[in-house]
Amino acid sequence: MKPVKVGLLGLGTVGGGTVNVLRRNQDEISRRAGRGIEVVAASARRIDAPRICDTTGIRLTTDPFAVVNDPEVEVVCELMGGVEPARELVLRAIELGKHVVTANKMLIALHGNEIFRAAQDRGVMVAFEAAVAGGIPVIKAIREGLAGNRIEWLAGIINGTGNFILTEMRDKGREFDDVLAEAQRLGYAEADPTFDVEGIDAAHKLTILASIAFGIPLQFDKAVTEGITRITREDVSYAEALGYRIKHLGIARRTAQGVELRVHPTLIPERRLIANVDGVKNAVLVMSDAVGPTLYYGAGAGADPTASAVVADLVDVVRTMTADPENRVPHLAFQPDALRDLPILPMSEVETAYYLRLTAEDKPGVLADVTRILADQDISIEAILQKEAPEDETDIPVIILTHRVKEGRMNEAIARIEALPAIKRPVARIRVESLG
Ligand code: NAP
């Protein structure tokens, strides 16, 4: 059989990696797919820029629409990123009846509902394994491998840059700004690192994971996002003294009231495997009723690892090209007419335990006032740690670990604690999850 002809939109890290992996493993890939897979056209902003792949035999253009419209191209890989023109290009490919593979989490998180509807109507596939956790096949694992389970919750370290920063802060006692500058030098962080450190990139991926785990439409606008910019070196070491690690987690949990969808720094017990996922690596922990916890770990970014996921999607597309569209694996794991409209909970309704760091005047009665406020709000304390005042300071840090409580009630307690005259700075608050 003739090879399937693919057009790439984007020939950067992921596009170049995809060309390389397809060429390097072409024999194995065609044995798996049943047909060869050949890149015949590609677009980029610059034609003459140096590439990580050999482009011999690939028609190059600066016009991505020319690739989509190219009659020889049967499958379009969108690997350029951003929302526009990526959205328009993907919709155009679908309109032309071409299957699409994309690595673009922002596009899927923001416009996936529209894109999947169009693909469904036209009977084509839109595959997006590379959009979440790079090379880790977590979409396939949840959508297909766990299809017999009711998924209760999932928690992921799904931004490598953020995890690299927190790991360096812990291992080397470095400050946030200093490590961020290094991450930028090493090419991990974007030039504008907001998406990484403010949790937006992680929220894009979490939105996708929640949809395929619970069978709900994509709702990025309802995800709660808190970044890691306010985590101090001291928080990292106090957490360690209490037996915890701080990780920037994306958490999606099904409760009786609705779905929690949140990205924030989180204390997790250091004995958990996921607490030991360090550096730029990604991991997703999924709790399901039949199999229990399963953990997916590996490279969340990079040319070859991400290409691994793109090529796996291409193989899936090729295998199903002849299958009846009704019998394909649904985009969001559940049949489109079986998606549920579960409410996404506001953060005030979310229940977690808390790590609180107070900066207090060193005088009698302060701790009694604080514990009374917590007791008034029905918040019970698991541990209190009073540290020495740092050099050149008289105020002392007090660390409190609480049991689980609704966030709304904790917000009231924090407001009252901050109003005490002996409390000198805003209370630093990090949520705690046992992930048991
Ligand atoms: P990249 O290295 O910046 O490559 C982007 C490519 O698209 C480049 O070839 C660029 O052309 C081209 N391009 C960008 N905007 C264009 C436009 N308006 N018109 C025509 N061509 C355009 O990006 P990347 O890291 O490969 O990321 C691509 C996608 O994969 C993004 O959605 C990203 O979120 C996702 N992703 C990346 C990774 C990773 O490790 N990098 C991991 C998972 C998912 P030039 O080469 O001429 O600049």
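Read on for an overview of the structure. (Residues numbered from 1 in each chain as written. Predicted model: local features only at pLDDT ≥ 70, side-chain atom pairs only at ≥ 80, totals over all residues. Heavy atoms only, no water.)

## A short note on the site of the ligand
Here's step 1: Neighbouring the ligand are 19 residues; Leu 11, Val 14, Arg 46, Arg 51 and Gly 302 lie closest to it.
Here's step 2: For the ligand, an oxygen atom lies 2.8 Å from a polar atom in the backbone of Val 14.
Here's step 3: Against a free-state accessible area of 890 Å², the protein chains account for coverage of 78% of the ligand.
Here's step 4: In terms of residue class, the shell around the ligand is built from 8 nonpolar, 7 polar and 4 charged. (Near = heavy atom within 4 Å. Polar contact = N/O pair within 3.5 Å; in protein donor to acceptor, adjacent residues only side chain to side chain. Areas by Shrake-Rupley, 256 points an atom, 1.4 Å probe, with all protein chains shown as cover. Nonpolar A, V, L, I, M, F, W, Y, C, P; charged D, E, K, R; others polar.)

## Comments concerning the sheet that holds strand S6 (residues 126-127)
Here's step 1: The 6 strands lie next to each other as S3-S2-S1-S4-S5-S6, forming an open sheet whose pairing is parallel. Where the open sheet ends on each side, the last strands, each with one partner, are strand S3 (59-61) and S6.
Here's step 2: Relative to strand S5 (residues 99-102), strand S4 (residues 75-78) runs parallel, the two being bridged by 4 bridges. When the sheet's bridge partners are listed, Cys 77 is paired in S5 with Val 101.
Here's step 3: Across the face of the sheet, helix H12 (residues 303-320) comes into contact with strand S1 (4-9), strand S2 (37-43), S4, S5 and S6 while running at roughly 165 degrees to S5. (Pairing = 2+ DSSP bridges. Helix = DSSP H or I, 4+ residues; strand = E, 2+ residues; numbered from the N terminus. Contact = heavy atoms within 4.5 Å. Axes fitted to C-alpha atoms, helices over the stretch in contact; angles between N-to-C directions.)

## Considering the environment of Val 311
Here's step 1: As for its position among the elements, Val 311 is in helix H12.
Here's step 2: Remark: the alpha-carbon pair of Val 311 and Asn 25, spanning 286 residues in sequence, is separated by 10 Å.
Here's step 3: Residue contacts for Val 311: discarding those within four places in its chain leaves Thr 18, Val 21, Leu 22 and Ile 29.

## A closer look at helix H8 (residues 176-185)
Here's step 1: Among all positions of H8, only Phe 176, Val 179, Leu 180, Glu 182 and Ala 183 are buried. One side of H8 holds all its buried residues, which, seen down the axis, span an arc of 160 degrees. Exposed residues pointing more than 90 degrees away from the buried face of H8 are listed as Asp 177 and Arg 185.
Here's step 2: Tucked inside the fold, the buried residues of H8 contact helix H7 (160-172) and helix H9 (194-197). (Buried < 20%, exposed > 50% of the residue type's maximum accessible area, 1.4 Å probe, protein only. Arc of directions from axis to C-beta.)

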